[in-house]
Amino acid sequence: MGRAHAFWNPGPDRALILELIVPGGFECYFRELLELARASGGQPDRSKLRDIQERYGLTLDPSSIPELTRRYHLRMPRM
């Protein structure tokens, strides 16, 4: 806990991620995200998204993305 981390696929092929969450409980964060995305048609209300993140003690730092992409020569996917 309390550690910054990120992950990405550095290659052109699709990647499969296996994430182990121990002890259990945080996996419910992903379920809540999925429910929020489905209920909103894929564009969730940011305040509801922040509520979910706070419930799980998660802090996102989008300002770190430009530095990570520069440092590791990453390309952001087109949405």
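All values derive from a computational prediction rather than experimental measurement. Going along each chain's sequence as written, the residues are numbered from 1 onward. Where totals are concerned, whole chains, interfaces and linings use all residues; where local detail is concerned, this predicted model gives features only for residues with pLDDT of at least 70, and gives and counts side-chain atom pairs only at 80 or more. Side-chain calculation: all heavy atoms of the structure are included, whereas hydrogens and water are not.

(A) Local environment of a nonpolar patch on the surface. By definition, no residue in a patch forms a salt bridge, and every one has over 30% relative accessible area; like charges are joined within 9 Å, nonpolar side chains (Val, Leu, Ile, Met, Phe, Trp, Tyr) within 5 Å. Using a 1.4 Å probe, the Shrake-Rupley method yields the accessible areas, and only the shown protein chains count as cover for residues. What counts as a salt bridge is simple: a side-chain nitrogen of Lys or Arg found within 4 Å of a carboxyl oxygen of Asp or Glu. Together, L18, L20 and V22 make up a nonpolar patch on the protein surface, roughly 420 Å² of accessible area in all. Secondary structure elements follow DSSP: runs of H or I of four or more residues count as helices, runs of E of two or more count as strands, with numbering from the N terminus. By the secondary structure assignment, L20 is in the segment before α1 (27-39).

(B) Here's a closer look at the environment of L20. For L20, a relative accessible area of 69% corresponds to the exposed category. The sequence separation of L20 and A39 amounts to 19 residues, and the corresponding C-alpha distance is 27 Å. Exposure categories follow from relative accessible area, calculated using a 1.4 Å probe and restricted to protein chains: below 20% of the type maximum is buried, above 50% is exposed, and the middle band is partly exposed.

(C) Highlighting the packing of aromatic side chains. Between 30 and 60 degrees the pair is tilted, below 30 it is stacked and above 60 it is edge-to-face, where a pair is any two Phe, Tyr or Trp rings, Trp via its six-membered ring, whose centres lie within 6.5 Å. In total, this model carries 6 aromatic pairs according to the counting rule given. Centre to centre, the rings of F26 and Y56 are 6.0 Å apart; their planes meet at 85°, and the pair counts as edge-to-face. With F26 in the segment before α1 and Y56 in the loop between α2 (46-55) and α3 (65-71), this pair connects stretches of sequence that are 30 residues apart. Among the aromatic side chains, those forming a connected cluster through ring pairs are F26, Y29, F30 and Y56.

(D) Structural view of the pattern of salt bridges. Within the structure shown, the criterion is met by 3 salt bridges. The closest approach of N and O atoms between R70 and E67, which form a salt bridge, is 2.7 Å. Residue R70 and its partner E67 are located together in helix α3, separated by 3 residues, close to a single helical turn. As a salt-bridge pair, E67 and R71 come within 3.3 Å of each other at their nearest N and O atoms. Linking E67 with R71, this pair stays in helix α3, spanning 4 residues, or about one helical turn. Judged by its relative accessible area of 44%, R71 is partly exposed.

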